[in-house]
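A look at the structure
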Amino acid sequence: MSKYTKQDIMRIVEDEDVEFIRLQFTDMFGTMKNVAITASQLEKALDNKCMFDGSSIEGFVRIDESDMYLYPDLDTFDIFPWRPQNGKVARMICDVYRPNGTPFEGDPRYILKKVLKEAADMGYRFNVGPECEFFLFHTDDEGRPTTVSHEKAGYFDTSPLDLGENARRDIILNLEALGFEIEASHHEVAPAQHEIDFKYANALKAADNMMTFKLVVKSIAKKHGLFASFMPKPVYGVCGSGLHINMSLEKDGVNIFNDHSAANGVSKEAYQFIAGIMEHTKAMTLVANPIVNSYKRLLPGYEAPVYIAWSEKNRSPLIRIPAARGTNMRIELRSPDPAANPYLLFAACLAAGLDGIKRNLDVPKEVDGNVYDMTAEELEGLGIEPIPSNLSKACQFFENDTFMKDVLGEHVHEKYLQAKRAEWNEFREQVTAWEIDQYLYKI
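Reading the values: rules and limits
- Residues numbered from 1 in each chain as written.
- Predicted model: local features only at pLDDT ≥ 70, side-chain atom pairs only at ≥ 80, totals over all residues.
- Heavy atoms only, no water.
- Helix = DSSP H or I, 4+ residues; strand = E, 2+ residues; numbered from the N terminus.
- Buried < 20%, exposed > 50% of the residue type's maximum accessible area, 1.4 Å probe, protein only.
- Contact = heavy atoms within 4.5 Å.
- Areas by Shrake-Rupley, 256 points an atom, 1.4 Å probe, with all protein chains shown as cover.
- Patch = residues over 30% accessible without salt bridge, like charges linked within 9 Å, V, L, I, M, F, W, Y side chains within 5 Å.
- Salt bridge = Lys/Arg side-chain N within 4 Å of Asp/Glu carboxyl O.
- Phe/Tyr/Trp six-rings, centres within 6.5 Å; stacked < 30°, edge-to-face > 60°.
- Expected span 1.5 Å × (residues − 1).
- Pairing = 2+ DSSP bridges.
- Axes fitted to C-alpha atoms, helices over the stretch in contact; angles between N-to-C directions.
- Parallel < 35°, antiparallel > 145°, perpendicular 65-115°, else oblique.
- Left-handed = near helix turned anticlockwise from the far one by under 90°.
- Disulfide = S-S within 2.5 Å.
- Core = buried A, V, L, I, M, F, W, Y, C linked by side-chain atoms within 4.5 Å.
- Arc of directions from axis to C-beta.
- Polar contact = N/O pair within 3.5 Å; in protein donor to acceptor, adjacent residues only side chain to side chain.

1. Looking at the overall build of the chain
A count of helices and strands for the chain gives 12 helices and 16 strands. Over its C-alpha atoms, taken along the principal directions, the chain stretches across nearly 70 × 60 × 50 Å. Within the chain, buried positions represent 53% of all 443 residues. At a minimum sequence separation of 6, the contacts of the chain that also span at least 24 residues come to 70%. Accessible surface, the chain: about 20600 Å² in total, of which carbon and sulfur atoms supply 49%.

Right, here's the structure in full:
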């Protein structure tokens, strides 16, 4: 049941003195875009008549088929609490449609909706709880971002060591004003690194929340004279930022990953879901870790997974089963990072998990020990394979697996792969400061 009607939104805009409304949507790479309208154009937008040039958005359409329409999701209407209270600014998240009234196949939100429909047809509701990490850095004298921070705080440290505490608190207050239920926040392992966890939701709302979360974090950090970065590995020698994905399936309002009759409380469906994700991990990696920098985080010694394995007892493998049972039973995928497009990431995770259930896949043997400490011979003996180690390898697995093409559709699969190959080739051409330091005077 919808929270708002068109009339509700028009009344709120008038009563609350809302002057501008941002019609937000997300491109293929997870970058938020928007068309801003004044309140006088609201009725037109609510009638799905707001048009934009789709050829200007990378990965959308060619110039000869550029007209696209924004269909606002009324239930995503929110007023930004950090903007001026006179002439307020609100937003609605939109779906992208073609002029003939059909959903645009390149819209990431539509792709997630398709997979959620498949789950719903099987009787499932997919819940996701993201844990997103980010850095708060100083800006220079001209307001441009740096990777500089004066703090030396570490995991769970408080002020005065945690110099970002005030900004983090302000971020949380604004998130709560937008209806987020914040479960925890803390300083992370690396200096200037933070984490804010909000309550799980159905996957579509969780993806919308992730996009809103990034916007709020960046906006409030700027008010504090800081720059918030979701880059996976902005600083050499410290832990990078992850986007851990906690997932569960409901059927008839019951968490089916929980099984009271099992000795450890884990159901066969949960194991099958894990098996599906593990089988498709290599192909999914390009979506979960989508930029060159992503693979600087996926290295031993920095608390990020490197091998395709699972465990209930430790955090080194790709997938972990946290100790909580009952309604809070879930599995945690630890490889994704904040550069990922949440709509495509959640769609891939759900499709892979459902594939495991539909095919009754057997989960590999659990890994009890620290995977990082295992020798190559031990890993081979256990059948444990590595996650793709760079963007080029991830592109190869992505291209060769028909599963990802089926999930994303031919349009996004082709455009996404083309863009990521170009990104890798551009990176390969660069001459880095490390190369100059290592070779210029020696050779």
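So that's the structure; there's more coming.
2. Section: a nonpolar patch on the surface
Taken together, Val431, Ile436, Leu440 and Tyr441 make up a surface patch of nonpolar side chains, about 480 Å² in accessible area. Relative to the assigned elements, Ile436 resides in helix α12 (residues 433-439). Overall, the relative accessible area of 37% leaves Ile436 in the partly exposed class.

3. Description of the packing of aromatic side chains
Scanning all chains against the criterion turns up 17 aromatic pairs. Ring geometry for Phe25 and Phe52: centres 4.7 Å apart, planes at 35 degrees, overall tilted. Of this pair, Phe25 sits in strand β1 (residues 18-26) while Phe52 sits in strand β3 (residues 50-53), and the two are 27 residues apart along the sequence. Each member of the pair, Phe25 as well as Phe52, is classed as buried.

4. What about the environment of Ala351?
Relative to the assigned elements, Ala351 resides in helix α8 (residues 342-358). Since its relative accessible area comes to 11%, Ala351 is described here as buried. Taking the C-alpha atoms as reference points, Ala351 and Ile277, 74 residues apart in sequence, are found 8.5 Å from one another. In contact with Ala351, other than residues within four places in its own chain, are Val115, Phe403 and Val407.

5. Observations concerning helix α5 (residues 203-223)
Between the first and last C-alpha of α5 there are 30 Å, a value that for 21 residues agrees with the 30 Å anticipated at 1.5 Å per step. Among the 21 residues of α5, 17 are classified as buried, and the element is accordingly described as predominantly covered. Gly225 sits one or two positions beyond α5 and adopts a positive phi of about 75 degrees.

6. With respect to the pairing of strand β2 (residues 32-38)
Strand direction decides the pairing type here: β1 and β2, joined by seven bridges, are antiparallel. What sits directly across from Leu23, in β2, is Val35.

7. Overview of the pattern of salt bridges
The full count for this structure, using the stated rule, is 23 salt bridges. With its nearest N and O atoms 2.8 Å apart, the salt bridge here joins Asp95 to Lys113. Placement of the pair is Asp95 in strand β6 (residues 88-97) and Lys113 in helix α3 (residues 108-121), with a sequence separation of 18 residues. According to the relative accessible area criterion, Lys113 is partly exposed, its value standing at 32%. Three or more residues are tied together by salt bridges with common partners; here these are Asp73, Asp95, Arg109, Lys113 and Asp208.

8. Re the packing of helix α6 (residues 268-288) against α8
Working note: a packed helix pair is described by the angle between its axes plus the distance between those axes. In the contact formed by α6 and α8, the axes pass within 6 Å of each other and the chain directions differ by 140 degrees. Relative to α8, the element α6 lies oblique. When the axes of α6 and α8 are compared, the crossing they make is right-handed. Residues Glu269, Gln272, Phe273, Gly276, Ile277, His280, Met284, Val287 and Ala288 of α6 form the contact with α8, whose participating residues are Leu344, Leu345, Ala348, Cys349, Leu350, Ala352, Gly353, Leu354, Asp355, Gly356 and Ile357.

9. Topic: the environment of Pro386
Position of Pro386 relative to the elements: it lies in the loop between α9 (376-381) and α10 (391-400). Using a relative accessible area of 44% as the deciding quantity, one classes Pro386 as partly exposed. Sequence separation between Pro386 and Leu333 is 53 residues, and the spatial gap between their C-alpha atoms is 15 Å. When near neighbours in sequence (up to four residues on either side) are disregarded, Pro386 contacts Lys282, Val306, Tyr307 and Ile308.

10. Some words on the state of the cysteines
In a disulfide, the sulfur atoms of two cysteines are covalently bonded to one another. Evaluation of the coordinates by the stated rule reveals zero disulfides. Unpaired in this structure, Cys349 has its nearest cysteine sulfur neighbour in Cys132, at a distance of 14 Å. Summary of cysteine pairing: Cys395 is not part of a disulfide, and the nearest cysteine sulfur, belonging to Cys349, is at 18 Å. The class for Cys395 is buried, based on a relative accessible area of 1%.

11. Observations concerning the nonpolar core
In terms of nonpolar packing, the biggest core is built from 98 residues, with Phe213, Leu249 and Phe273 touching the most fellow members. Not counting the four nearest positions on each side in its chain, Leu249 is found in contact with Tyr124, Arg125, Phe126, Val254, Asn255, Ile256, Phe257, Phe273, Leu350, Leu354 and Ile357. Counting residues in each nonpolar core, the second largest holds 23 residues, with Leu23, Phe25, Leu42 and Met92 among its members.

12. Considerations on α10
Residues Leu391, Ala394, Cys395 and Phe398 constitute the buried set of α10. Along the axis of α10, the buried positions cluster into a sector of 105 degrees, meaning they face one direction only. Tucked into the core, α10 has its buried residues touching α6, α7 (294-297) and α11 (402-429). Capping of α10 at its N-terminal end is provided by Asn390; its side-chain oxygen lies 3.0 Å from the backbone amide nitrogen of Ser392.

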